[in-house]
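Summary of structural features
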Amino acid sequence: MKELIKELTEAYGPSGNEDAVRETIKRHIAGHVSEMRVDALGNLIALKKGQPQSGIEPRKIMLAAHMDEIGVIVSQIDEKGFLRFAPVGGVNPLTLLGSRVIFADGMIGVIGRERPEKPDEFPKIEKMFIDVGAPDKEHLTRKVGDMAAFLRPLADLGQRLTAKAFDDRIGCAILVQTAQELETTPHDVYFVFTVQEEVGLRGALTSAFGVEPDVAIAVDITTTGDTPEAYPMAVSLGAGPAIKVKDRGMLAHPGVKNWLAETAERLGLPYQFEVLEAGTTDAMAIQTSRAGVAAGVLSIPTRYAHTPSEMVDYNDVQNAVKLLVGLLSGPVKI
Amino acid sequence: MLLLKELSEACGVSGNEGAVRQVILDAIRDRVDEYRTDALGNLIALKKGTGKTARKVMIAAHMDEVGLMIMHIEKEGSLRFHPVGGIDDRVLLAKKVLIGENKVPGVIGAKPVHLLEPKAREQVVKFKEMSIDIGVSSKEEAERLVKVGDYAVFDVPFVELGGALRTVKGKAFDDRAGCAVLVELLRDRYPFDLYAAFTVQEEVGLRGARVAAYSIAPHLAFALEGTICDDLPKKGDTSPTTVLGKGPAITIMDRSVIADRRLVELLIDTAEKNGIPYQFKQPALGGTDAGAIHLSREGVPSAVVAVPSRYIHSPTSLLSLNDLENTVQLMRQTLARVNDLDLTR
Amino acid sequence: MQIKEFLKKLSEASGVSGYEAGVRELVREEFSQYADQIRIDTMGNLIALKRGEATQAPRRSIMLAGHMDEIGLLVTKLEKGFVRFSTVGGFDLRVLPGQEVLVHGRRDLPGIIATRPPHVLSPEEREQTMPLDKLFIDVGLPEEELAQLVRVGDVITLQRQFTELAGNLVSGKAFDDRAAVACIAYCLQHLAAMKHSWDVYAVATVQEEVGLKGALTSTFGLMPDIGVAIDVCHGNMLGVPEVDTVNVGGGPAIAFGPNIHSLLYSRLVETAKAFEISYQPDPTPGPSGTDAWAMQVTREGLPTALVSIPLRYMHTTVETLSLKDVERTGRLLALFIASLDEAFAQALGLKSE
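Described in the following lines is the structure provided in the data block. (Residues numbered from 1 in each chain as written. Chains lettered and ligands numbered in written order. Predicted model: local features only at pLDDT ≥ 70, side-chain atom pairs only at ≥ 80, totals over all residues. Heavy atoms only, no water.)

What chain B contains, in helices and strands, is 8 helices and 17 strands. For 345 residues, the compact-globule estimate of 2.2 N^0.38 gives 20 Å, and chain B sits close to it at 21 Å. Dimensions of chain B, computed from the C-alpha atoms along their principal axes, are close to 65 × 45 × 35 Å. Burial status across chain B gives 58% buried among its 345 residues. Taking contacts inside chain B between residues at least 6 apart in sequence as the whole, the part at least 24 apart equals 76%. Counting 45 positive and 47 negative side-chain charges, chain B places the centres of these two groups 1 Å from one another. (Helix = DSSP H or I, 4+ residues; strand = E, 2+ residues; numbered from the N terminus. Rg over C-alpha atoms; globule rule 2.2 N^0.38 Å. Buried < 20%, exposed > 50% of the residue type's maximum accessible area, 1.4 Å probe, protein only. Contact = heavy atoms within 4.5 Å. Lys, Arg positive; Asp, Glu negative; His and termini not counted. Charge placed at Lys NZ, Arg CZ, Asp CG, Glu CD.)

Attention now goes to the nonpolar core. All names here are of chain C. Residues F31, I62 and L64 are the most contacted members of the largest nonpolar core, which totals 92 residues. With 12 residues, helix α5 (residues 175-192) is the single largest residue contributor to this core. Every residue in contact with L64, bar those within four places of it in the chain, is listed here: I184, C187, V200, Y201, A202, V203, V228, I230, L333 and I337. (Core = buried A, V, L, I, M, F, W, Y, C linked by side-chain atoms within 4.5 Å.)

Let us look at the pairing of strand β5 (residues 82-88) of chain C. Across the 7 residues that make up β5(C), a large majority, 6, are buried. Counted between consecutive antiparallel strands, the loop separating strand β4 (residues 72-79) of chain C from β5(C) contains 2 residues, among which K80(C) sits at a positive phi close to 50°. (Pairing = 2+ DSSP bridges.)

Moving on, we come to the interface of chain A and chain B. Counting from both sides, the interface comprises 32 residues of chain A and, opposite them, 28 residues of chain B. At the boundary of chain A with chain B, total buried surface from both sides reaches about 2200 Å², with 58% on carbon and sulfur atoms. Taken together, the elements giving at least two residues each to the side of chain A that touches chain B come down to α2 (19-29), β1 (35-38), β4 (71-77), β5 (83-88) and α5 (202-211) of chain A. The dominant element in the side of chain A that touches chain B, judged by the number of residues it contributes, is α5(A), at 5 residues. Here the side of chain A that touches chain B is composed, by residue class, of 13 nonpolar, 10 polar and 9 charged. (Buried area = accessible area lost by both parts, 1.4 Å probe. Nonpolar A, V, L, I, M, F, W, Y, C, P; charged D, E, K, R; others polar.)

A word on the pattern of salt bridges. Pairs can form between side chains of opposite charge once their charged atoms are near each other. Applying the stated rule across the entire model yields 54 salt bridges over all chains. Here E9(B) ties to K5(B) by a salt bridge, and the two come within 3.3 Å at their closest N and O atoms. You can see E9(B) and its partner K5(B) sitting in helix α1 (residues 2-9), 4 residues apart, about one turn around the helix. For E9(B), a relative accessible area of 29% translates into the label partly exposed. In this structure, the salt-bridge partner of K48(B) is E34(B), at a minimum N-O distance of 3.7 Å. With K48(B) in the loop between β2 (43-47) and β3 (56-62) and E34(B) in strand β1 (residues 34-37), this residue pair connects regions lying 14 residues apart in the sequence. Overlapping salt bridges bring together D105(A), R142(A), K143(A) and D146(A) as one network. (Salt bridge = Lys/Arg side-chain N within 4 Å of Asp/Glu carboxyl O.)

All right, on to helix α7 (residues 262-274) of chain C then. Residue and element names in this part refer to chain C. For α7, with 13 residues, the first-to-last C-alpha span of 18 Å sits near the 18 Å given by 1.5 Å per residue. Residues of α7 that are buried in the fold lie against β13 (226-234), β14 (253-256), β15 (280-283), β16 (304-311), α9 (323-338) and α10 (342-347). E276, located one to two residues past α7, shows a positive phi value of around 50°. (Expected span 1.5 Å × (residues − 1).)

This paragraph deals with the sheet that holds strand β12 (residues 199-205) of chain C. Residues and elements named next belong to chain C. The strand order across the open sheet formed by 8 strands is β1-β2-β12-β3-β13-β16-β14-β15, and the pairing between neighbours is mixed. Looking along the sheet, the strands with just one partner apiece sit at the ends: β1 (37-40) and β15. The mean inter-strand angle of the sheet, taken between neighbouring strand axes irrespective of direction, is 25°. Contacts from helix α2 (residues 21-31) reach β1, β2 (46-50) and β12, with the element oriented near 5° to β2. Running over the sheet, α7 touches β13, β14, β15 and β16 and is turned about 155° from β14. (Axes fitted to C-alpha atoms, helices over the stretch in contact; angles between N-to-C directions.)

Here the structure, examined in full by the defined rule, presents 13 aromatic pairs over all chains. With 6.5 Å between their ring centres and 35° between their planes, F81(B) and F127(B) make a pair best called tilted. In this pair, F81(B) is assigned in strand β5 (residues 79-84) and F127(B) in the loop between β7 (104-108) and β8 (132-133), connecting sequence segments 46 residues apart. Between the aromatic rings of F82(C) and F136(C), the centroid separation amounts to 6.1 Å while the plane-to-plane angle is 70°, which identifies the pairing as edge-to-face. With a gap of 54 residues between them, F82(C) in strand β5 and F136(C) in the loop between α3 (123-127) and β8 (137-138) connect regions that are remote in the sequence. For F82(C), a relative accessible area of 33% translates into the label partly exposed. Looking at F136(C), the relative accessible area reads 22%, which means it is partly exposed. Among the aromatic side chains, those forming a connected cluster through ring pairs are F209(A), Y214(B) and F220(C). Of note, K257(A) hangs over the ring of F273(A), and the distance from its end group to the ring centre comes to 5.3 Å. Across from the ring centre of F220(C), 3.8 Å away, lies the NZ or CZ of R299(C), which sits over that ring. (Phe/Tyr/Trp six-rings, centres within 6.5 Å; stacked < 30°, edge-to-face > 60°. Lys NZ or Arg CZ within 6 Å of the ring centre and 35° of its normal.)

Our focus in this paragraph is unusual backbone geometry. Note on backbone geometry: most residues besides glycine have negative phi, and most peptide bonds are trans. Here the residue pair D167(A) and D168(A) is connected by a cis peptide bond, since its omega of 5° sits within 30 degrees of zero. For the peptide bond that leads from D176(C) to D177(C), omega is 20°, which places it in the cis range. Along the chain, the position of D177(C) falls in helix α5. Phi is positive for Q201(B), close to 55°, though the residue is something other than glycine. Within the fold, Q201(B) resides in the loop between β12 (193-199) and α5 (207-216).

Residues and elements named next belong to chain B. The N-to-C vectors of helix α2 (residues 18-28) and helix α4 (residues 173-185) enclose an angle of 15°; their axes lie 11 Å apart at closest approach. In terms of orientation, α2 lies roughly parallel with respect to α4. In this structure, α2 meets α4 at a crossing whose hand is right-handed. Counting all contacts with α2, which are made through V20, I24, A27 and I28, the residues of α4 involved are R176, C179 and V183. (Parallel < 35°, antiparallel > 145°, perpendicular 65-115°, else oblique. Left-handed = near helix turned anticlockwise from the far one by under 90°.)

The subject of this paragraph is the interface of chain C and chain B. The partner chain B presents 26 residues to the 22 residues of chain C that form the contact. Across the chain C to chain B interface the summed buried area is about 2000 Å²; carbon plus sulfur atoms make up 64%. At the junction of chain C with chain B, the criterion picks out 1 salt bridge. Between D244(C) and K128(B) there is a salt bridge whose closest N-O contact spans 3.4 Å. In this structure, the connection of chain C to chain B is made through 5 residue pairs in polar contact (both at pLDDT 80 or more). Those elements that provide at least two residues to the side of chain C that touches chain B are α6 (213-222) and α8 (291-296) of chain C. Split into classes, the residues belonging to the side of chain C that touches chain B amount to 11 nonpolar, 7 polar and 4 charged. (Polar contact = N/O pair within 3.5 Å; in protein donor to acceptor, adjacent residues only side chain to side chain.)

This is how it looks when you write it as structure tokens:
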């Protein structure tokens, strides 16, 4: 699964430009799902049809992971060919200094900064620029509105992995792997790879409207409380996938939360409950779709979220796949 | 562009767009096949297509403007107010307003500079500390003219300033400029069904567009705007957002939407082929009705085209009629081609 | 039904956003006395239908929404025998120290939000609001026992007994918005003795405090012809300017502004005037922050109104209101519903099926 994770995290896909990620996913799930379609906003919706099983009531289940990643967008080009930019999604300016970014066509740029008035000044995005190495404006092929993403290859640290865009390519990888490993299910399972999560859960909103699920589970990352002087939080890396209770945007459906926890216990898989003070996931948008959806979240504990070097534990990832396969093989209990 | 004058001078603060709707209705009644007003007050007009396609295209322009609401009448007859929509407190002092259905004139008073402590001159006065004077001396007298809950607008007449850019000034070009463009576009018939949505309550959260898009269920959509134009002299590395006179502004991404790339490319290509000037709006600023429309139901590919308008969300705004006409041209030419656009992925 | 007794029961019940089951049972018991049908939807909204008498099919309908959830707390971590927590809904952290709570673990555990005695605090510390990561709950159990009974994600409610004050005022927790639920019950009770042609959906909504979520989904599911949200608004308090409040004891506040359909507003006002129910106009220039804000933009749009009960000290455990205002609001709603007819539907431009 590490190959798949590497391929997905290294793909280019800031919000609104998820094409490369979508093509990669299509390639990996073809043959493992009954049908696939791409909707008006670019969400990839893949259905694995259920096989009737006696004694199990079939339900329509939506799994969601978002394909997009945070990035930057060119807002202005100056006379010398330096590119001013704005963030796409929640970008911390501290992580930009010294970073390299890549455009859709493969052009690479480095991020520079105006000389600060005070040496310890907190960097502001308005005071930064991208230098793509163009000698002048005339030789520059970029235009206002072009987007770039972090450039950073995955590093396999053994038990743990570090890469850009684990948020939420790790969720995409888990969904792909689940689609591959899940041989049969009594339910109609929609694997939905959403767009534009980082700019406001937009793909989840429209895809949920189209899918009309009974139950939904978003697979996304969560932060942890296990690094030096972190904000107090009970989630740590390697202690199992996290089952969301609450984040800033939603309260998970208690039935879905318990269904996940009971399944983990039945399968003997480690898990932890998660209460996240900041951030939210696609499940927030799905929950209030139409007349309401029982929605929950399976989270992968991730350190250094929204930096070019996020970190996950490989066991958590594998256990998340096992949990989802187990969950989808049995009856829905909520 | 007489209609821009009428539109600009009509009063239509968010939630109270009736007068603007009337101006538009009078202008388009004979140009459209059907129209209706929905539960929120959106005016939705259908211009049937030539029947070649089942495609439905929605074009939205919002009728509402930022303004004030009367919250409370003090014992001595002065009126406390609250802004409706985003208004900078600093533009409120010493302005003339018109209140309620009867357009009762009033002024937002300001303490004379002579009476201010030196420090106070540097401080921003908050709207909560201001009041409107309508010339009465008691609450009873005031209540004969206005009531709590009345809306108020800035009293700004429309004036042509002229010059090479054919500049005009007036209030509420955000988004009466868009309304004027949309009214013009309804002169033509297109291969597809065109739904013109003159929306309400954009300034308080894109609320009219949301329900209009739901009921129209279009295949693709455009929002027309009077957008930020911040081209005053300043440090060279600060973007003007858009520049007056440089043509319609095309949005790539703002706070509410990432425009559909295929529509953006069609707009650019059409502008280039027809020699229509255009510019890109600086990304990541502002939001428009497209923010609500593109998320309607299963999603709607959407784009935004805007007329650069200086000083929006203040009493007086300013735009170039050249930009306005070029926006009409760009949209007209683009709509002629939009039917051939392949929207499958 | 006695409003005071019902409100007391509702107020003292537990029902933090997302976990409304406890209070919902009480509402179901009460609503079912007047309703023809009752159900709970996916999100947990309680939906009671009281049929109207009109013979046309489908009958027109009005939805009344009052939210039954309350703001509360949630366990985030156990640390050395103490409970760390997060908030559910909008809290003023300054009201938390020294509050008594109930931690809903494997069993309900009474607890206290810990405060260090003033003697050990520096003058600077006393000047500062305690941030969330410095606050703990103490349930008086040793570390091991606590770990057996409490887990991350357990819900915590603030505790407060219902209190009668002088002058027909009462005080307690979660009047926001259980007073509206009581008022809807009172309205249904009144309607039982009246003729009304429209169907009435009485909805006790969930998760209002975390983003109007129950109203959003229940309105989508029901799609009535018109909707009225019932909520609370700021009553006159010492130290708050008159312009920001309405009078406690002055009758229902009827909202007006972008969130409100002006014909519903004027019909409510006419009804109040005709039946001599005192009311107060409530200008609302932007987001009303109530279920009405979500209801209005559902599907193709819904003509919406908002009626509020004046209330002091919102989002604290000593919310205070006048029972007379609750009664008046319920009565106004019943009379308003009884007045709804096809002519009004036409005036609103409602579609005929």
